[in-house]
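# Tertiary structure, described
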Amino acid sequence: MADAGLSSDCIVVGGGLVGASIAYGLARSGASVIVLDEDDKALRATRGNFGLIWVQNKGISMPQYSAWSRDAARLWPGFAGQLLTETGVDVNLQQPGGFCLCLSEAELLEREQSLLAIQKAVSGDYPFEMLDQQALRQRLPAIGPEVVGASFTPMDGHVNPLKLYLALLQACRQMGVRICHAAHAGKIEASDDKGFRLSCGPVNYRAGKIVLAAGLGNRALAEQVGLYAPVVPTRGQVLVTERLRKFLDYPTNKLRQTDEGAVHIGDSVEDVGFDDRTTTDVLQFMARRAVKSFPLLRDVNLVRAWGALRVMTPDGFPLYEQSIAHPGAYVVTCHSGVTLAAAHALRVAPWIAGGSVPAEISEFTSARFSRGLARPMYVN
Ligand SMILES: Cc1cc2nc3c(=O)[nH]c(=O)nc-3n(C[C@H](O)[C@H](O)[C@H](O)COP(=O)(O)OP(=O)(O)OC[C@H]3O[C@@H](n4cnc5c(N)ncnc54)[C@H](O)[C@@H]3O)c2cc1C
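An account of the accompanying structure is given in this report. Keep in mind that what you see is a predicted model, and the values were worked out from it rather than measured. (Residues numbered from 1 in each chain as written. Predicted model: local features only at pLDDT ≥ 70, side-chain atom pairs only at ≥ 80, totals over all residues. Heavy atoms only, no water.)

Read from one edge to the other, the open sheet built from three strands follows the order E4-E6-E5, with strand pairing classed as antiparallel. A strand with exactly one partner marks an edge of an open sheet, and here the two such strands are strand E4 (98-102) and strand E5 (129-132). Across this sheet, the average inter-strand angle for adjacent strands is 25°, counted without regard to direction. One ladder, built from four bridges, connects E5 with strand E6 (residues 149-153); its direction is antiparallel. Paired with Met130 across the strands is Ser151, a residue of E6. (Pairing = 2+ DSSP bridges. Helix = DSSP H or I, 4+ residues; strand = E, 2+ residues; numbered from the N terminus. Axes fitted to C-alpha atoms, helices over the stretch in contact; angles between N-to-C directions.)

Written out as structure tokens, the structure reads:
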């Protein structure tokens, strides 16, 4: 028997980190919100990410992305504090800056050149340091002899991404957001005056606005409302060690020690379609590099490994767009949903709620795909 239906100001399709951040920001703006999410078997980048809040090396072919990532990182302390006050959940934010370790002179040179290129593109407002082995050892005493140096930027950091997700969902619920699980959104019906209608099984949902934040599901959903979201999966694998005494005070782009002491080693970038399994060859490669970087890891136990799929646009940059054909329908997608969580909640959601579009994101529409930008140079 068909349900009479649920209505709200806004439906957010997708309850991963992007959808939860947007729902949180919309609810804070006073909107009533329904989040539709799939079941436990769904593909979720949110469950498998590396937890970095990373600015370094982002935006090499799109300076706006560099600036946007940096703005997001600046919003993080206030955002984390807000979540703690509202929910009591400490997301373990640390922003001491971050290192990219280099195992050859060629790697070090290439890194310096790419950071210089970004610094030039953003007119100098992009602090970084290049350190040789001796200088690096002052800050990371545990590095191995094969590490020739590193780049450092003070803008980087990390959080516990599962606690972040927990805090967002809890805060959403506290503000009355209705989160519906096992609610796969299929056909979206749009009408000029009544907004949007969706059916998930026997339940009908209606709202004046709809936000597509469904990760890899956005591709099929977007075209129904006149949007274009050509996202594809890119696999990343992550290895986790047993908990160790603290030896690493900073995150690096391929390895970090969590607040609980475990070391997370990642993360590969693989074009393997929708296969989210782990593979021994990739895990072995990552483990070898980790041991070269920090030889003390040679004798520790590995306790877990996973694979998960990133949500990638053709150039790797985010998509924030309202449909021209169906105003009130938005797509929000990116592959750095941890880094950008604060910006999604505090900048993008208020725009969707009725504010003006933040100038910094005006370039992040699908129109750029016809301009043929290059593949991304970063992964986190
Ligand atoms: C290995 C790896 C490492 C990463 N490391 C970092 C990092 O260090 N820093 C960082 O900032 N980011 C990182 N990311 C990216 C980050 O995890 C994602 O950007 C973030 O999880 C947000 O993803 P999302 O919400 O867009 O997608 P997802 O987490 O995939 O969520 C999409 C949701 O939409 C739902 N859905 C899909 N279709 C439908 C439908 N039709 N109806 C209803 N619901 C639907 C799915 O069930 C899912 O819950 C990493 C990702 C991976 C895989």
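A positive phi angle is found at Ser123, which is not glycine, with a value near 55°. With respect to the helices and strands, the residue Ser123 is situated in the loop between helix H3 (105-121) and E5. Note on Ser123: relative accessible area 68%, which makes it exposed. A positive phi angle is found at Ala182, which is not glycine, with a value near 50°. Here Ala182 shows up in the loop between strand E8 (178-180) and strand E9 (188-191). (Buried < 20%, exposed > 50% of the residue type's maximum accessible area, 1.4 Å probe, protein only.)

Okay, H3 next. With 17 residues, H3 extends 24 Å between its outermost C-alpha atoms, agreeing within 8% with the 24 Å of an ideal straight helix rising 1.5 Å per residue. Of the positions making up H3, those classed as buried are Leu108, Arg111, Ser114, Leu115 and Ile118. Projected down its long axis, H3 shows its buried positions confined to an angular sector of 135°, all on one face. Turned more than 90 degrees away from the buried face of H3 sit Glu105, Ala106, Glu110 and Lys120, all of them exposed. Contact partners of the buried residues in H3: helix H2 (63-87), E4, E5 and E6. Taken from the residues just after H3, Ser123 is the one with a positive phi, measuring 55°. (Expected span 1.5 Å × (residues − 1). Arc of directions from axis to C-beta. Contact = heavy atoms within 4.5 Å.)

An order of E13-E14-E12-E15 is seen for the four strands of this open sheet, with the pairing classed as antiparallel. Both outer strands of the open sheet, strand E13 (255-257) and strand E15 (302-312), are each paired with one neighbouring strand and no more. Within this sheet the neighbouring strands show an average axis-to-axis angle of 20°, counted without direction. Direction of pairing for E13 relative to strand E14 (residues 262-265): antiparallel, over a ladder of three bridges. Residue pairing for E14: Gln257 is matched across the bridge by Val263. Here helix H7 (residues 280-293) sits on the sheet and contacts strand E12 (232-243), E13, E14 and E15; the angle it forms with E12, its principal contact strand, is near 55°.

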